[in-house]
Amino acid sequence: MANTIPSLTSRPAWKALEAHYQTLRDVHLRRLFADDPGRGESLTAEAVGVVLDYSKNRITGDTLDLLVRLAEDCGLRGRIDAMFRGERINETEGRAVLHVALRMPKGSSVELDGVNVVTQVHTVLDRMAEFCTKVRSGAWKGHTGKRIRAVVNVGIGGSDLGPVMAYEALRHYSDRNMIFRFVSNIDGTDFVEAVRDLNPAETLFIISSKTFTTLETMTNGHSAREWLLAGLGGDVKAVAKHCVAVSTNASEVAKFGIDPANMFEFWDWVGGRYSMDSAIGLSTMLAVGPEQFRSMLSGFHQMDEHFRTAPFRRNLPALMGLLAVWNGDFFGADTAAVLPYDQYLKRFPAYLQQLTMESNGKHVTLEGAKTTYQTGAVFWGEPGTNGQHSFYQLIHQGTKLIPCDFIACMKPLNPLGRHHDLLIANVFAQSEALAFGKTAEEVRGEGTAERLVPHRVFEGNRPSNTILLERLTPEALGKLVALYEHSVFTQGAVWGINCFDQWGVELGKALAQRIVPELERAEAPAPAHDSSTNHLIRRYRAAKTS
Ligand SMILES: O=P(O)(O)OC[C@H]1O[C@H](O)[C@H](O)[C@@H](O)[C@@H]1O
């Protein structure tokens, strides 16, 4: 059949990688480094001020040649061009994927259905900037004439994780006279704890939801409205001064009772997990100001241009994506750890979980065939050095292979005595220990009792990347996020899956809607699920009435 797309594992480049893997699987990183004294430098790539040292992966130059060939065979170049041109590469939803247009400079052009989306983007950015300047300067007054001191973003998933991560990451640049809170969970505790010490007269809610139908956000949004009305004398006019919306869905926003004049728009070609640089970033802009927000966008754009134009062999996101395929599909690594050695990046792993796992948690190809290979890894992590005193034991001496991304900044934002040198010494030491380990001879040489030798041996040969940024600026954050976005894209292109839908979240949502009345209505009939679910529902009903 002339038109059938060859399956990934039958491609010559994949077969060649399989054979190549057999020659490398038992080779230790100690050997690879000993054989090539220049390896540390030659297997480091640098672009737009971001350094990626990938030399501590179990690869040789041949591996890279084959991975690049695989990327070419899988049409990565064509996929990149299609994304940047605004083609509807999110085929299952019939949508373009244009988060890259969110950070294109004024005057650029990407046409979608005859409209230049970059012009739309800048119209919204200018409106956001105007609004943020008013709020930050105190020109925007609340219902009782007081200025806004607290901003509460109400959203979940992509409408929460990006804003939270960016706020934490850029806290150094934020207005310290303002308070920022984030409410996401449908658990009432989240809302109650977020507002308990806030004054409604000085509080602004940003109701952030791409669809404006998400159960959690609508429920929290209504609670916010009630809280405001209760605190501001019940006058519905108060809502306009204390509630704005960020959404693609103007009619639902209006139904909710927010004036469309107070709505900041984005579009269906921005995936939720790719939206922190759209109007969903309103809380970020309120925190750091329009200028810093624009500098974050410039960072994103610089990495986009690098990804679009650089040869794969020197292309940071492409290299990271291909190495993830190598570690996952050939070495069988099921998970990947991201370990930022920067306290400001403490929510970065949580942010990446949605980006990577919602994007690449797929088991069928674009053509609908079940994959015969592994796709997205389980992503997890915590900031260093904290993780070192908790789960690193398993990475060093456990039975699972866990590729790690170490992230560090050369210059601290808060210089304090020896802290930064000690922090950086630790990150470098961890990747060194993971790669090289400690042999039984070395352990014995330290005078260790023989019975303890096996316990104190470090096998090493554990792969890692080290990503270095000069300093954690808004611009650097943009580059870092775009690096991961495009690494995810690279992996998806190789696997032939759609990175941009998320049907897997639907079933649980639908079932919850069915269970709600079974919990709320006293006269509800006996639940008709499986025996486990029925039993859980009966217990809850009994507890509720006891
Ligand atoms: O922004 P919203 O439309 O409220 O969606 C919020 C989130 O919920 C959904 O369930 C999706 O899994 C996420 O991709 C999305 O980011």
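Note that this is a predicted model, so its numbers are computed, not measured. (Residues numbered from 1 in each chain as written. Predicted model: local features only at pLDDT ≥ 70, side-chain atom pairs only at ≥ 80, totals over all residues. Heavy atoms only, no water.)

K.L.:
Any chance you could explain the UniProt feature "active site" (unreviewed entry) in the protein chain here in plain terms?
P.N.:
Those residues carrying the UniProt feature "active site" (unreviewed entry) are Glu-358, His-389 and Lys-509 in this numbering. A maximum C-alpha distance of 37.1 Å is found for the annotated residues, which run over 152 residues; spatially they are spread out rather than grouped. Cross-referencing the annotated residues with the lining of the largest pocket gives Glu-358 and Lys-509. Take Glu-358: it is sitting in helix 15 (residues 348–360). Classification of Glu-358 by relative accessible area gives partly exposed; the value is 23%. Those residues within four positions of Glu-358 in sequence are excluded, and the remaining contacts are Arg-273, Gln-353, Asp-501, Gln-502 and Val-505. Side chain to side chain, Glu-358 and Arg-273 meet in a polar contact 2.9 Å long. Here His-389 lies in the loop between strand 11 (378–380) and helix 16 (392–397). (UniProt positions renumbered as here; feature names shortened; annotations may be inferred. 1 Å grid on protein atoms, 1.4 Å probe; cavity = no way out; pocket = protein on both sides within 12 Å on 5 of 7 lines; lining within 4 Å. Helix = DSSP H or I, 4+ residues; strand = E, 2+ residues; numbered from the N terminus. Buried < 20%, exposed > 50% of the residue type's maximum accessible area, 1.4 Å probe, protein only. Contact = heavy atoms within 4.5 Å. Polar contact = N/O pair within 3.5 Å; in protein donor to acceptor, adjacent residues only side chain to side chain.)

K.L.:
Just to check I follow, could you spell out the pairing of strand 13 (residues 464–469) for this structure?
P.N.:
Each regular strand shows side chains that alternate between the opposite faces of the sheet. With six of six residues buried, strand 13 lies mostly within the body of the structure. Pairing of strand 2 (residues 50–53) with strand 13, which is carried by three bridges, proceeds in the antiparallel orientation. In the sheet register, Leu-52 faces strand 13, and the bridge partner there is Ile-467. Bridge count for strand 12 (residues 404–409) against strand 13 is six bridges, and the pairing is parallel. Bridge pairing in strand 13 links Ala-408 to Leu-468. (Pairing = 2+ DSSP bridges.)

K.L.:
How should I be thinking about the layout of surface pockets in this particular structure?
P.N.:
Take a probe with the size of a water molecule and roll it over the atoms, and the empty space left behind shows itself. Estimates place the volume of the largest pocket at around 870 Å³. Along the walls of the largest pocket sit 37 residues, with Thr-211, Thr-214, Gln-502, Val-505 and Lys-509 positioned nearest its centre. Those elements that provide at least two residues to the lining of the largest pocket are helix 9 (215–231), helix 15 and helix 21 (506–520). A breakdown of the residues in the lining of the largest pocket according to their chemical character gives eleven nonpolar, 17 polar and nine charged. (Points joined across faces, edges and corners; volume = space filled by probe spheres on them. Nonpolar A, V, L, I, M, F, W, Y, C, P; charged D, E, K, R; others polar.)

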